[in-house]
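Spelled out, the chains give:
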Amino acid sequence: MSGINKVIAFTVNRLRVTFIDESQNEKPISGTGFWVKLNSCREIFVTNKHNIDPTLKLGTNTKFRLNEVEIELRKKENNKVFCNTKFFRVINAKDSIIVSSKADCAIIVSPKFENLESNYQIISTVIRQNDLADHNFLKEKTQIMDLASFIGFAGTNDAKYWDQKWNMPIARLCIISSWPEIQFTHPEIKTVNTALVSGLSFSGSSGSPLILHAKGIEIGAELDSTPYVPPKVIGIMSGHCQESSNLPKLLEHSGLSYYTRSTSILRLINKHKL
């Protein structure tokens, strides 16, 4: 068993972003993100920097800039969730987006939405700040070959792999391929603080939470050589072997994907005193 509460799927939402250039040409992209409830009771939406910053995908000389950010929210009434979902534009994007300088990580802090309907809500109480793995957890509790899963909206508008009635994300299994306590360094991966998994993500999966499965025995752990380790968010899915146009040669047809470690999220939270 994974030890992961199935309702975590409701805290993973689609992200829709539009870049625009000086000639008003638009370039839309879509991805995944997830909500985290901070100890300060603030809500943040976590995603990849490349979903927000056009220079990571289009190059530092690109004329495109961020124009619009939308997040898909779900209908919820009386603690019951429904299949109805809608995109709402973030009206304070300029003031609420924080991006890492070198890691492929970004957060949207306490976003405000245009024409938000009261029965469409942020579901942020599932993943809490304490559920993000810190350096000590990555060093002491995770290891190569551990099982993990990432949950997101794999596919594109032309090839949607997620549930079409409920607009629910899908989960994919993977194993940790590199030592999780150190960042994976390779000249073809341009961002920092990454690690590898053996598992295939797809277009749209960027920004998916990567969650370590529970392991060990919770009751009577002193009798077992592997004590109980709870599930934790250990990173954000960041790159994969299906995006051939942007793929580092290292990952071509390799079955590997790479993620940005959760410590990058915590650094943004702590640096900005959220």
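Shown above is the structure to which this text applies.
Everything numeric here is computed off the predicted structure, so don't read it as measured data.

Our focus in this paragraph is the overall build of the protein chain. Across its full length, the protein chain carries 4 helices and 14 strands. A total of 274 residues make up the protein chain; the buried ones form 51% of that total. Of the contacts made within the protein chain by residues no fewer than 6 positions apart, 69% connect residues no fewer than 24 positions apart. Surface summary for the protein chain: the accessible area is close to 13,900 Å², and the carbon and sulfur share equals 48%.

This part covers the pairing of strand β10 (residues 170-176). Strand direction decides the pairing type here: strand β9 (residues 147-152) and β10, joined by 6 bridges, are antiparallel. Counted as the bridge partner of S149 is L173 from β10. Of the strand pairs in this sheet, β10 and strand β11 (residues 194-198) are connected by 2 bridges, and their pairing is antiparallel. Its bridge partner being in β11, I175 is matched across the sheet by S198.

Attention now goes to the sheet that holds strand β14 (residues 256-261). Spatially, 6 strands are ordered β9-β10-β11-β14-β13-β12 in a closed barrel, and the strand pairing comes out antiparallel. Neighbouring strand axes in the sheet, compared pairwise and without regard to direction, differ in orientation by 45 degrees on average. Summarising the sheet, strand β13 (residues 232-239) and β14 pair through 4 bridges and their orientation is antiparallel. Bridge pairing in β14 places G235 opposite R261.

Our next topic: helix α4 (residues 263-271). Among the residues of α4, those classed as buried are T263, S264, I265, L266, L268 and I269. Two residues or fewer past α4, K273 is found with a positive phi of approximately 50 degrees.

Moving on, we come to the environment of I108. With respect to the helices, strands and loops of the structure, I108 is situated in strand β7 (residues 106-109). Considering only alpha carbons, one finds I108 and T47, 61 residues apart in sequence, at a separation of 8.3 Å. Sequence-distant contacts of I108, that is, excluding residues within four places in its chain, are made with E43, I44, F45, V69, I71, S96 and I97.

So, on to the packing of aromatic side chains. Taken as a whole and judged by the stated rule, the model has 3 aromatic pairs. When the ring centre of F153 is taken as reference, the NZ or CZ atom of R14 above it lies at 5.9 Å.

Next up on the list: the pattern of salt bridges. On inspection of all chains with the given rule, the structure shows 7 salt bridges. Between E117 and K86 there is a salt bridge, with its nearest N and O atoms 2.7 Å apart. Of the two residues, E117 is situated in the loop between β7 and β8 (120-121) and K86 in strand β5 (residues 80-89); the sequence distance between them amounts to 31 residues. In this structure, K215 engages D146 in a salt bridge whose closest nitrogen and oxygen atoms are separated by 2.5 Å. On the criterion of sequence distance, the pair formed by K215 in the loop between β12 (209-212) and β13 and D146 in the loop between α3 (135-140) and β9 is long-range, its members being 69 residues apart. Judged by its relative accessible area of 7%, D146 is buried.

Mapped onto the elements of the fold, S96 is located in helix α2 (residues 93-96). Other than its neighbours up to four places away in sequence, S96 contacts V90, I107, I108 and V109.

Attention now goes to the pairing of β11. The element β11 is largely enclosed, with a buried count of 4 among its 5 residues. Where β11 meets β14, 5 bridges bridge the pair, whose relative direction is antiparallel. What sits directly across from V197, in β14, is S257.

Before going further, it helps to spend a moment on the nonpolar core. Counting 24 residues, the largest nonpolar core has F34, V36, I44, V46, I107, I265 and I269 as its most contacted members. Breaking this core down by element, the ones donating at least two residues are β2 (26-37), β3 (43-47), β7, β13 and α4. Per-element tally for this core: the top contributor is α4, with 4 residues. Non-local contacts of V36, meaning those with residues more than four positions away in its chain, are made with R42, E43, I44, V46, S124, I127, R128, Q129 and L132. Judged by nonpolar contacts, the second largest core, of 20 residues, contains V90, I97, A106 and F113.

Right, let's talk about the environment of K112 for a bit. Among the structural elements, K112 can be located in the loop between β7 and β8. It is 8.3 Å that separates the C-alpha atoms of K112 and R89, two residues lying 23 residues apart in sequence. Look past the residues within four positions of K112 in its chain and what remains in contact with it is R89, V90, I91 and N92.

Criteria and cut-off values
Residues numbered from 1 in each chain as written. Predicted model: local features only at pLDDT ≥ 70, side-chain atom pairs only at ≥ 80, totals over all residues. Heavy atoms only, no water. Helix = DSSP H or I, 4+ residues; strand = E, 2+ residues; numbered from the N terminus. Buried < 20%, exposed > 50% of the residue type's maximum accessible area, 1.4 Å probe, protein only. Contact = heavy atoms within 4.5 Å. Areas by Shrake-Rupley, 256 points an atom, 1.4 Å probe, with all protein chains shown as cover. Pairing = 2+ DSSP bridges. Axes fitted to C-alpha atoms, helices over the stretch in contact; angles between N-to-C directions. Phe/Tyr/Trp six-rings, centres within 6.5 Å; stacked < 30°, edge-to-face > 60°. Lys NZ or Arg CZ within 6 Å of the ring centre and 35° of its normal. Salt bridge = Lys/Arg side-chain N within 4 Å of Asp/Glu carboxyl O. Core = buried A, V, L, I, M, F, W, Y, C linked by side-chain atoms within 4.5 Å.

These values are about where atoms sit, not about what they do.
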